[in-house]
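Examining the three-dimensional arrangement
If you want the building blocks of each chain, they are given just below.
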Amino acid sequence: MFLSVFDVFKIGIGPSSSHTMGPMTAAVRFLDMLRAQEKSTLAAIRVRLHGSLAFTGKGHATDRAVLLGLLDYRPDGLDVDEAEERIAELWRTRRLHPAGLPALDFDPETDLVFDFGPPLPGHANGLVFQALDRAGRVVLSEIFYSIGGGFVVTAAERESPPAAFASEAAGWPYPFHNAAAMLRMARESGVSIAGMKRANEVVVRPAAEVEKKLGDIWAAMDGCIERGLSLDGQLPGSLKVKRRAKAIHQQLLRERGANSGQPHVVSDWLSVYAMAVNEENAAGGKVVTAPTNGAAGVVPAVIRYYLDHCAGADPAKVADFLLTAAAIGGLIKHNASISGAEAGCQGEVGSAAAMAAAGLCAVLGGTPEQVENAAEIALEHHLGMTCDPVAGLVQVPCIERNAIGATKAVAAASLALRGNGQHFMPLDNCIQAMRQTGEEMSTKFKETSLGGLAVNLPEC
């Protein structure tokens, strides 16, 4: 099984990988489909959002994301100021001018529809794009599903995924498809999980490029932490949630070195790093999927904790942290789900905590067996967690949930390092339990904001 570290960790924008980055990517893909066919009769575009994209799309800025995609913006190359000007122009003119296509009618008010009926059959996050000719006839219609982490597939790709693993596996030095195979290959080769992941990556791109891109990923993550720690004010949306990371960070800086500090203050540092990232995400800032936007704070927070608070921390090991974390994230995505709309928040923050625990355990000297144990502990203790964002915003409980997920990740890594790697519940079984739990979970608790905290608001 090969899922690149750069598929797991993607630079993009907030507030949601499935509701923002995915729909934006889908819109760009639809334009590319139009460019590949007869263009002379094209006159207009229509879009319908289904399932979770309809129910929480406003809070997740899905409508804005679709407009950005139709304006040919991709998540990793967005110029925010320029984009806002072009969105304003689109609202004025109701016309799109995509490169390589004729001008197309598109009224954001009437041609982008939130459909609150039953979801499409393939996934809870469905979009339908249609292109019309001058007579109003549909000349191209395509269904896309945003399946979590910024990944997008068409209906056909969802129903018949490419059978690449069997044919391509021979080209990968370590084609592990589950944790048992990963551990077996590590024992037989004597290579670490990060080493195996790196060896697979260099089949796809040069080693120097892999290391540079890993550095770019961490730079984007750390930059997001720093922005979140430097800004205050109110987050966008109806909840009027105030940023807290900056104030907490300033308190911690003032208390640094004081003899009266509590021993658990290190958890506050860990939490504030995670909160900084997710406040930036909630504000629509530049973030890295890890493995999703809603869970984007956990992995960066634990890396920053390692660098700033762990004895003997080595910045050169950040790449190994990311590679190890990506190996675990890939296993979860391949064998279960990282999508809140499919599995609830166990699939988002739970997966992120497992990834972060594995990465920390690895860079602190853990064996592959201890790394697998760390991931299992972290994931096990997120099982059953629902995705119930209040008002459809990635704010309550998402921001604090990342902070707690980061603390669980550190605790899981520490427990695993105290053992010898032998444990009762294998990671593969825990992943299957998460998949089964997600399948049985009511749709009210899977990113629709129809249950849980989303319908239990303070009465004031």
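Everything below is about the structure printed above this text.
Attention here is on the structure that accompanies the text.

Conventions adopted
- Residues numbered from 1 in each chain as written.
- Predicted model: local features only at pLDDT ≥ 70, side-chain atom pairs only at ≥ 80, totals over all residues.
- Heavy atoms only, no water.
- Helix = DSSP H or I, 4+ residues; strand = E, 2+ residues; numbered from the N terminus.
- Buried < 20%, exposed > 50% of the residue type's maximum accessible area, 1.4 Å probe, protein only.
- Polar contact = N/O pair within 3.5 Å; in protein donor to acceptor, adjacent residues only side chain to side chain.
- Axes fitted to C-alpha atoms, helices over the stretch in contact; angles between N-to-C directions.
- Parallel < 35°, antiparallel > 145°, perpendicular 65-115°, else oblique.
- Contact = heavy atoms within 4.5 Å.
- Nonpolar A, V, L, I, M, F, W, Y, C, P; charged D, E, K, R; others polar.
- Pairing = 2+ DSSP bridges.
- Expected span 1.5 Å × (residues − 1).
- Phe/Tyr/Trp six-rings, centres within 6.5 Å; stacked < 30°, edge-to-face > 60°.
- Lys NZ or Arg CZ within 6 Å of the ring centre and 35° of its normal.

Notes on the side chain of H123
- Tracing the sequence through the fold places H123 in the loop between β5 (112-114) and β6 (125-133).
- Assessed through its relative accessible area of 5%, H123 is described here as buried.
- A polar contact is formed between the side chain of H123 and the backbone nitrogen of N125, at a distance of 2.9 Å.

With respect to the packing of helix α10 (residues 207-230) against helix α13 (residues 298-309)
- Interaxial distance between α10 and α13 falls to 10 Å at its minimum, and their mutual angle equals 90°. On the basis of the axis angle, α10 is roughly perpendicular to α13. Across from W218, M221, D222, I225 and E226 in α10, the residues of α13 making contact are V299, P300, I303, R304 and L307.
- For the contact of α10 with α13, the per-class residue count stands at 7 nonpolar, no polar and 3 charged.

Regarding the pairing of β6
- Across the 9 residues of β6, 8 count as buried, placing the element largely inside the fold.
- Where strand β2 (residues 42-51) and β6 come together, 9 bridges link them in antiparallel fashion. Bridged to L42 within β6 is D133.
- Pairing analysis gives 7 bridges linking β6 to strand β7 (residues 138-148), with the strands arranged antiparallel. The partner of G126 across the bridge, within β7, is Y145.
- Between β6 and β7, which pair antiparallel and follow one another directly, the connecting turn spans 4 residues, one of which, G136, has a positive phi of 85°.

Let's talk about helix α16 (residues 349-363)
- The end-to-end C-alpha distance of α16, which contains 15 residues, comes to 21 Å, matching closely the 21 Å that a straight helix rising 1.5 Å per residue would cover.
- In terms of burial, α16 is largely enclosed, as 14 of its 15 residues are buried.
- Looking one or two residues beyond α16, the residue adopting positive phi is G365, at roughly 100°.

Considerations on the packing of aromatic side chains
- This structure, assessed with the given rule, holds 4 aromatic pairs.
- Judged by centre distance (5.6 Å) and plane angle (90°), the rings of F129 and F144 are edge-to-face. In this pair, F129 is assigned in strand β6 and F144 in strand β7, connecting sequence segments 15 residues apart.
- Relative accessible area serves as the criterion here: at 0%, F144 is assigned to the buried category.
- Every member of this aromatic cluster is reached through a ring pair, and the members are F30, F129 and F144.
- Positioned over the ring face of F6 is K213, at 4.9 Å from the centre of the ring.
- The ring centre of F151 lies 4.3 Å from the NZ or CZ of K333, which sits over that ring.

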